[in-house]
Amino acid sequence: MVDGWDVLILVIKALAIFIIVPVAPLVFVLAERKILGRIQSRIGPNRVGPWGLLQTLADGIKLGAKEDFIPPAGDRVVFWLAPLFMVVPAAMAWAVIPIGPEVEIGRKIGLWVTDLNVAILYILALGSVAVYGPVMAGWSSNSKYALFGSLRSTAQVISYEITMGVAVLGVLVYTGSFSLVDIVEKQKDMWFAIPQVIGLFVFLVSGIAETNRAPFDLPEAETEIVAGYHVEYSGMRFAMFFLAEYANMFLVSALAVILFFGGWHGWTIPGIEGLTSVLWFMLKTLALMFVYFWLRATLPRLRYDQLMAFCWKFLLPLGIVNLLITAVLRLGWS
Amino acid sequence: MTDFPWLIPLFPLVAFAINGAFGPRYLKKATGVIGSAGILGAFAATVALWIGGVHSDTPDFTLYRWVSSGSFSIDIGFVLDPLTVVMLLVVTGVSFLVHVYSIGYMAHDESFARFFTWLPLFVFAMIMLVLSNNFLSLYVFWELVGVCSYLLIGFWHQRKSAADAAVKAFLVNRIGDFGFAIGIILIFWNFGSLNYGDVFASVSDKSPDLMLLIALLLFIGAVGKSAQFPLHIWLPDAMEGPTPVSALIHAATMVTAGVYMVARMRPIFEVSNEALLVVGGIGAFTALFAASIGLAQTDIKRVLAYSTVSQLGLMFLALGAGAYTVAIFHLATHAFFKALLFLGSGSVIHAMQNQQEMSEYGGLWRRMKWTYFTFLLGGLALSGVFPLAGFWSKDELLASAFFKGVASDGSWAFTVFWIMGLLASLLTAVYTFRMIILTFHGKPRNAELHSHSHESPISMVAPLVVLAAGAVALGGAVGFPPEHGFIHDYLYKVPGVFHFAGAGEITAVISLAIISTAVAAFGIVAAYAVYSRRQPSPEAVAALSPRVYGLLYRKYYVDEIVNYGIVGVTKGIGLILWAIDAKIVDGIVNLIGWTVRATSSLTRRVQTGQVQNYLFLIAAGAVVSVGAFVIFR
Amino acid sequence: MSIPLNAYLLVGAILFSLGTLGVLMRRSVLIVFISIELMLQGVNLTFAAYGAFLEDMAGSMFVVISLTVAAAEAAVGLAILVALGRRVTEFYVDRLDTLRW
Amino acid sequence: MTDQIVAFTYLSIVASVAGLATILVRSPVHSALSLVVVVFHVAGMFVLLGNGFLAAVQVIVYAGAIVVLFLFTMMLLDLRRHETERTVHRRQIWLAIPIAVLLFAEVAWIAISKPEISENLKGAFPPQTIDELGGSAQALATVMFTDYLLPFEVASVLLLAAAIGAMVLARNPDEESLASPPDMIEDAAGTDGSSDQPEGELSETPATHG
């Protein structure tokens, strides 16, 4: 039964998430700026601290010290709530992400906060809740740029959520379980990236669109609508949007690793399997994060109609074809 | 062995899907190759099925359960017996050759990809029709081949005549399909199952009258699909479609679905002699009737169309006589030589820049030697000359009618049918050689077209040669000796197929063979005498007896009778009914309407247009009904 | 299952009645719409509660069907509103009575 | 099981208050956001009922799709200025309140006086069966694709019809002549439109956020 240790372990896990989710983006922002710099034959930030390592920290302090401005014609309550709706789902989703197998430290401890039997649905649900951030932010700002940004964001996120769901369904057909731990265990011999290569493509593209990243960053297109839905935000509130974006990227990458790249599976060193597994998981996730930065440096932004046409006329049919193929293969083999 | 037959329909279906999805935009001419490859795959799988052998003891093979509702279920399943295999070999084999031929024939058509979308779909539907093991899927694919036929007849839908012909084919078929559908419903009603096996097993428990009714209704479907009198009128018009379509659908495969269906349903037909008599009678009459029309037609494809109707009539004659193997045998040989003739005529039409009137032809044989010789072989086979394919099958066919009439129970009707069949064979030989002479011999009647004519490309000639080889050798190869040839022994494995009466009386068979050969030879000589010795022009022949010629040329006025008789009478009745409706019924209706209007102009005050008023009433209603529940429960 | 069925049903009744009230008294088309969704929430809760206490999956099934209906209703209803938006500028239920008779 | 009672009390109170807010607030946007709160708390009650699948689907469909659609429409129509007008149906409110109260009284009375469920009424899915099947999703699937296959299919057809109907309704007939031009042609050329954008102009400078 439940004893004190279990509660303690649970608290530690939860705390870990609440530390990692806000801190990781600090690292990612610096990494992104450095990588972008290298790709564009520049050096990147190098003034604050050794090799510019403290640049993000400095930016954070700057943002924290800025005035917290609320547009007078805006809707105060909604304006205040919007950033929370961005950050909280991104953090909550980590509750079901398994970063490693069950390890033995005095007792059996799974390297996840909870192994929900509807974990994937839970994450999709949180993903659909994340729409509210841009919507509320854009509407409550009472500014036309912000409104445009949130209109775009809504349509984009809702549309790509469907393709993402369809891509995930392909994996579910293989595993027959919503539990992420089960899904990872099923990939012990073969990553789903191989039979589900189309699904992987659809998932990654939808993931990039879901997180509003380049080349799908239309909701915050600087050149057209200034900065989209968070144009009126400043200070810590802006920082929260910023943080949520990177947290979401991290989440989508981790999810892709779990669904398609075998999660924590990899060659392990005997004796410290738990540690190597976590390292594998982190390595794969960071590799996908690098893809995000790389895409941003490489691809120009899409036009809005291209974005929607791509989703509905190409990606969704592709996902459905993938699902059909998967279903037929499963029927054939079962 | 029974784990791969699903491949047979899959190949054409995949070809259809690929061509349909990507053809018009990306594949274009490659669709021809993909379509042909798909059919070749189906053919190969069929051959594998044939060589692997089918077990006649367990012919059913269930693919999956389609509908399951209570005790009633419908499976998508296959019936795998020799009859199926023979049909599949014919369908896929001829289809493959026609596909290859079409690559050349349709090369310059804008809608090339569309053509190679519908054609594999048709082959898929036809294969599934043949493979079906229950009435529902038979009916579904029966309709699907009809749809494909419609699409392909109206392939050049820009031409009004083609679009009209497509609609006509569809409507006429609908009459037949209606009977067919009622028959199937009756079967389900009385048997509670739609599986062939279940139904056939309990046929003897039902009353003969009911079985006669069901058999006749099913036969109406066959009459429509196989273009038998009086529903034959769609087939000649169907020649508006591209010639490969005519060859494949309207000669070799789809129109034989009726023959196949009756052969498949033999336990139902055999319950009553009346049903067999009707089948044989319609067949014999149609054979003679269509053959006589064929004498006077000037459009080369129409001659072939009436010839097809006539030959199908002969097959039904054999079915009526109970000689199923013979009917299927003739179906197979006919598929080869009639496809050959159609494709040959297509080659001629191709060379003559789409001119189909034989009055513009003449003297083509020097310019198109390959086409000419293969066409000649096809013509000889159709006429039933020894030892070509048509001889073996047609001879047995007539013999079966003869034996049914004379030798068995002395049913005089079949003696008459036999004579009609014999006359039809005579006329067959006459019109066939009239056609060959008018097309290939004599002087060119249109010098300009003649000078532009040329032999067709290799992809068109090659199928002709293959089909010609089939037309020459197939009959002897599988049908010799009569009654005990390969195909007979093979088909006898089908449960319930028996040797028809008179089997084994080899001397009688041979004497009948001599009669039928003599008839064919007489017909050929007659055609030669009329068309070649004299000035070979149709007008001169027509002048011999204008009245008869006119009657034949106008196809016994069947189209006109249908048009003025049925359609006109229907319109007349409609007019009278309309008058009644307009004056009396409408008067009453208007009175009622006026009353309603008067009252409603008072009551409409309740309609405020305020949605919430209505919603309020709904809520109040809910309160009252829930309250009633609370109080009175 | 320490919570009695009645408690769930009561919450369902509250939501349903509030939705009814909203449908009947608000003028804005959108809020009427939203109130209908609120009624559906009450109904869904009742279905799910009965399903759980009767240990029958029919309750969940009904909720799923109800979700489908709600989604279809919202899509069509809002499409009508968007189409309406091209003709009129104000969305009050009591003003939209052009199709009276 | 005090934790369940605490959770239920919290969920029911917040759901009721948010429901009240949904129908009372002035702005449709606030109303929609209140509905989201209701949706979440009802989803929480589904979890309490042991039906995690339903809770997730509820959030995905209601919060993620339907209410977002409402907000989207509100933004599209820009309803802000209506907030200054009268929001309540003045003539009808005096009828509406009694009717709603009466309805509530009746339904609540039924709810409270409902006798306990006897064992023989219970169906085939007690909690342990659901656990054996692997969870509420699997349990629902077993009935959805067997006993309720027809309703399931009908529902899917309904969705299809609604999707097509919504598209037809929302399409602007006046803009149809404008809808075909260059975009469509480009789409036909290839869906990967990013490559035919002029380069250089759009490639971003780093750290535009910071």
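Reading the values: rules and limits
- Residues numbered from 1 in each chain as written.
- Chains lettered and ligands numbered in written order.
- Predicted model: local features only at pLDDT ≥ 70, side-chain atom pairs only at ≥ 80, totals over all residues.
- Heavy atoms only, no water.
- 1 Å grid on protein atoms, 1.4 Å probe; cavity = no way out; pocket = protein on both sides within 12 Å on 5 of 7 lines; lining within 4 Å.
- Points joined across faces, edges and corners; volume = space filled by probe spheres on them.
- Helix = DSSP H or I, 4+ residues; strand = E, 2+ residues; numbered from the N terminus.
- Nonpolar A, V, L, I, M, F, W, Y, C, P; charged D, E, K, R; others polar.
- Contact = heavy atoms within 4.5 Å.
- Buried area = accessible area lost by both parts, 1.4 Å probe.
- Salt bridge = Lys/Arg side-chain N within 4 Å of Asp/Glu carboxyl O.
- Polar contact = N/O pair within 3.5 Å; in protein donor to acceptor, adjacent residues only side chain to side chain.
- Axes fitted to C-alpha atoms, helices over the stretch in contact; angles between N-to-C directions.
- Parallel < 35°, antiparallel > 145°, perpendicular 65-115°, else oblique.
- pLDDT = per-residue confidence, 0-100.
- Left-handed = near helix turned anticlockwise from the far one by under 90°.
- Phe/Tyr/Trp six-rings, centres within 6.5 Å; stacked < 30°, edge-to-face > 60°.
- Buried < 20%, exposed > 50% of the residue type's maximum accessible area, 1.4 Å probe, protein only.
- Expected span 1.5 Å × (residues − 1).
- Bend = angle between axes of the 7 residues up to and from the residue.

Topic: empty space enclosed by the protein
Any empty space left between the atoms is revealed when a probe the size of a water molecule rolls over them.
Residue and element names in this part refer to chain A.
Line of reasoning, step 1. For the coordinates displayed, the defined rule picks out 13 cavities of 30 Å³ or more.
Line of reasoning, step 2. Looking at the largest cavity, its volume works out to about 380 Å³.
Line of reasoning, step 3. Within the residue set of the lining of the largest cavity, elements represented by two or more residues are helix H3 (76-93), helix H4 (119-129), helix H6 (144-175) and helix H10 (235-260).
Line of reasoning, step 4. With 8 residues, the single largest contributor to the lining of the largest cavity is H10.
Line of reasoning, step 5. Residue composition of the lining of the largest cavity, grouped by class: 18 nonpolar, 7 polar and 4 charged.

Looking at the interface of chain D and chain C
Line of reasoning, step 1. On the chain C side, the residues contacting the 86 residues of chain D number 73 residues.
Line of reasoning, step 2. In this assembly, chain D packs against chain C so that about 7200 Å² is buried in total across both faces, 75% of it on carbon and sulfur atoms.
Line of reasoning, step 3. Considering only the surface of chain D that becomes buried against chain C, D:Ile23, D:Leu49 and D:Phe70 emerge as the three largest contributors, covering 10% of it.
Line of reasoning, step 4. Taken together, chain D and chain C are joined by 0 salt bridges.
Line of reasoning, step 5. At the junction of chain D and chain C, the tally comes to 7 residue pairs in polar contact (both at pLDDT 80 or more).
Line of reasoning, step 6. Of all the secondary structure elements, the ones that give two or more residues to the side of chain D that touches chain C are helix H1 (2-24), helix H2 (28-48), helix H3 (52-77), helix H4 (93-113), helix H5 (127-133), helix H6 (136-144) and helix H7 (149-170) of chain D.
Line of reasoning, step 7. Along the lines of polarity and charge, the residues of the side of chain D that touches chain C split into 63 nonpolar, 16 polar and 7 charged.

What about the packing of helix H1 (residues 7-27) of chain B against helix H2 (residues 30-52) of chain B?
Residues and elements named next belong to chain B.
Line of reasoning, step 1. It is the contact of H1 with H2, at a shortest axis distance of 8 Å, that shows an interaxial angle of 175 degrees. With respect to their mutual orientation, H1 and H2 come out roughly antiparallel. Residues Leu7, Ile8, Phe11, Pro12, Ala15, Ile18, Asn19, Gly23 and Leu27 of H1 form the contact with H2, whose own contacting residues are Ala30, Thr31, Ile34, Gly35, Gly38, Ile39, Gly41, Ala42, Ala45, Thr46 and Leu49.
Line of reasoning, step 2. Here the residues of the contact of H1 with H2 are counted per class, giving 13 nonpolar, 7 polar and no charged.

A look at the confidence of the model for chain D
Residue and element names in this part refer to chain D.
Line of reasoning, step 1. Of all residues in chain D, 77% have pLDDT values of 70 or greater, and the mean over the chain is 76.
Line of reasoning, step 2. Of all helices and strands in chain D, the one with the weakest mean pLDDT is helix H9 (residues 181-189) (44), whereas H2 scores best (89).
Line of reasoning, step 3. For residues 178-210, every residue scores under 50 in pLDDT, and the model assigns this stretch 43 contacts once sequence neighbours within four places are set aside.
Line of reasoning, step 4. Interface confidence in the predicted complex, given as ipTM, is 0.73; pTM for the same model is 0.60.

Thoughts on the packing of H4(A) against H3(D)
Line of reasoning, step 1. Running from amino to carboxyl end, H4(A) crosses H3(D) at an angle of 20 degrees, the nearest separation of the two axes being 9 Å. Considering their axes alone, H4(A) and H3(D) lie roughly parallel with respect to each other. Here the hand of the crossing between H4(A) and H3(D) comes out left-handed. On the side of H4(A), the interface is formed by A:Leu121, A:Tyr122, A:Leu124, A:Ala125, A:Ser128 and A:Val129, while H3(D) contributes D:Phe53, D:Ala56, D:Val59, D:Ile60 and D:Gly64.
Line of reasoning, step 2. By residue class, the composition of the contact of H4(A) with H3(D) is 9 nonpolar, 2 polar and no charged.

A look at the confidence of the model for chain A
Line of reasoning, step 1. Predicted confidence across chain A gives a mean pLDDT of 81, with 97% of residues reaching 70 or more.
Line of reasoning, step 2. Looking at the elements of chain A, mean pLDDT is at its lowest for helix H9 (residues 222-225) of chain A, recorded as 68, and at its highest for helix H8 (residues 197-210) of chain A, recorded as 88.

Describing the packing of aromatic side chains
All names here are of chain B.
Line of reasoning, step 1. Overall, the coordinates contain 36 aromatic pairs over all chains when judged by the stated rule.
Line of reasoning, step 2. The interplanar angle of 20 degrees and the centroid separation of 5.8 Å between the aromatic rings of Tyr101 and Tyr105 together place this pair among those described as stacked. Placement of the pair is Tyr101 and Tyr105 together in helix H3 (residues 82-105), with a separation of 4 residues, close to one helical turn. Tyr105 shares its class with Tyr101; the two are buried.
Line of reasoning, step 3. Ring-pair connections join several aromatic residues into one group, and the members of that group are Phe112, Phe115, Phe116, Phe155 and Trp156.

Quick look at the pattern of salt bridges
Residue and element names in this part refer to chain B.
Line of reasoning, step 1. Within this structure, the stated rule accounts for 9 salt bridges over all chains.
Line of reasoning, step 2. Arg174 is paired through a salt bridge with Glu143; the nearest N and O atoms lie 2.6 Å apart. Placement of the pair is Arg174 in helix H6 (residues 160-191) and Glu143 in helix H5 (residues 135-153), with a sequence separation of 31 residues.
Line of reasoning, step 3. Taking the relative accessible area as the measure of exposure, Glu143 reaches 15% and is therefore buried.
Line of reasoning, step 4. Here Lys168 makes a salt bridge to Asp237, at a shortest N to O gap of 2.9 Å. Taken together, the residues Lys168 in helix H6 and Asp237 in helix H9 (residues 234-237) connect sequence positions 69 residues apart.

Comments concerning H1(B)
Residues and elements named next belong to chain B.
Line of reasoning, step 1. With 21 residues, H1 should reach 30 Å at 1.5 Å per residue; the first-to-last C-alpha distance of 24 Å falls well below that figure.
Line of reasoning, step 2. The largest bend along H1 measures about 45 degrees and falls at Ala21, with the proline Pro24 one to four residues further on.
Line of reasoning, step 3. A positive phi of about 50 degrees marks Lys28, the residue just after H1.

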